[in-house]
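Fold and geometry: a report
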Amino acid sequence: CTYGTRIAILTEIMKWAQNSSPNASLGYWMCGMAGTGKSTIAKSLCLMLEEQQLLAGSFFCSQQIPECREYHHIIPTIAYQLAYYSCTFEETLEKVLGEDQNIALKEPSIQVKKLLIQPWEAAVKTKRFEGCLPVIVIDALDECENISEVLKAIVPAIQDGQLSGLKFFFTSRP
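Residues numbered from 1 in each chain as written. Predicted model: local features only at pLDDT ≥ 70, side-chain atom pairs only at ≥ 80, totals over all residues. Heavy atoms only, no water.

If you look the protein up in an unreviewed UniProt entry, it shows as Nephrocystin 3-like N-terminal domain-containing protein from Dendrothele bispora.

1. A closer look at the environment of Glu-12
Using the following cut-off: Counting from the N terminus, the helices are DSSP H or I runs at least four residues long and the strands are E runs at least two residues long. Think of it in three bands: with a 1.4 Å probe and only protein chains considered, a residue is buried below 20% of the maximum accessible area for its type, exposed above 50%, and partly exposed in between. Here a polar contact is recorded for every N or O atom pair within 3.5 Å, except that within protein the pair must consist of a potential hydrogen donor and a potential acceptor, and residues adjacent in sequence are included only if both atoms are side-chain atoms.
Relative to the assigned elements, Glu-12 resides in helix α1 (residues 7-18). Given the relative accessible area of 44%, Glu-12 is considered partly exposed. Side chain to side chain, Glu-12 and Tyr-28 meet in a polar contact 2.5 Å long.

2. Quick look at the side chain of Lys-38
Quick note on the threshold: For the purpose of counting charges, residues Lys and Arg are taken to be positive, whereas Asp and Glu are taken to be negative. His and the chain ends are not included. Salt bridges are counted wherever a side-chain nitrogen of Lys or Arg sits within 4 Å of a carboxyl oxygen of Asp or Glu. Throughout, a contact is declared for two residues whenever any of their heavy atoms are within 4.5 Å.
Examined against the element boundaries, Lys-38 turns out to sit in helix α2 (residues 38-51). We note that Lys-38 is buried and unpaired, the nearest opposite charge coming from Asp-142 at a distance of 5.9 Å. Only 3.0 Å separates the side chain of Lys-38 from the backbone oxygen of Gly-32, close enough to count as a polar contact. Each residue touching Lys-38, except ones within four places of it in the same chain, is listed here: Met-30, Cys-31, Gly-32, Met-33, Asp-139, Thr-171, Ser-172 and Arg-173.

3. Let's talk about the nonpolar core
Selection rule: Definition used in this section: a nonpolar core is a set of buried Ala, Val, Leu, Ile, Met, Phe, Trp, Tyr and Cys residues joined via side-chain atoms within 4.5 Å.
Judged by nonpolar contacts, the single largest core of 39 residues is most densely connected at Ile-74, Leu-82, Phe-89, Leu-116, Ile-154 and Leu-163. Mapped onto this core, the elements with two or more residues apiece are β2 (55-60), α4 (74-85), α5 (87-99), α6 (108-125), β3 (135-139), α7 (147-159) and β4 (167-172). Apart from the residues within four sequence positions on either side, Leu-82 is in contact with Ala-56, Phe-89, Leu-116, Trp-120, Ile-136 and Leu-166. Judged by nonpolar contacts, the second largest core, of 17 residues, contains Ile-13, Cys-46, Leu-54 and Val-137.

Put into structure tokens, the structure is as follows:
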């Protein structure tokens, strides 16, 4: 965002991101019509989270870039970025990939379980993330083909606490 703009919404989102209380919401979904600045806010949020070492990963969907509109790329990309964020996550992810090198081609439900939940559970056991909740940003969901396949896998995992200690920020059109 241009300096000095969108202060209220960015402050609200950062307050959500920094809230590490046990009953804090793990998801934040920002909806708005085309051209209202959702992607700009998401990019600014990523910069702010990165400054505070809270950005664990991001994916910006785009109809104009083939790799960014294909739903099969979202979970593997997030897992790759999480591996850079957490050494324990990386070690567990390497084991998973050693067992199944074609996991990135599988359905999102399997990807979420093997590429996110399993490694994240190992990372949480290290207790490195106590007092902070890393954030994953996924922007412009409506620009990704068959995004419902990813959402059907990831939203229940968030709601059921399988990714506890990890927050998700989504943007989309209504």
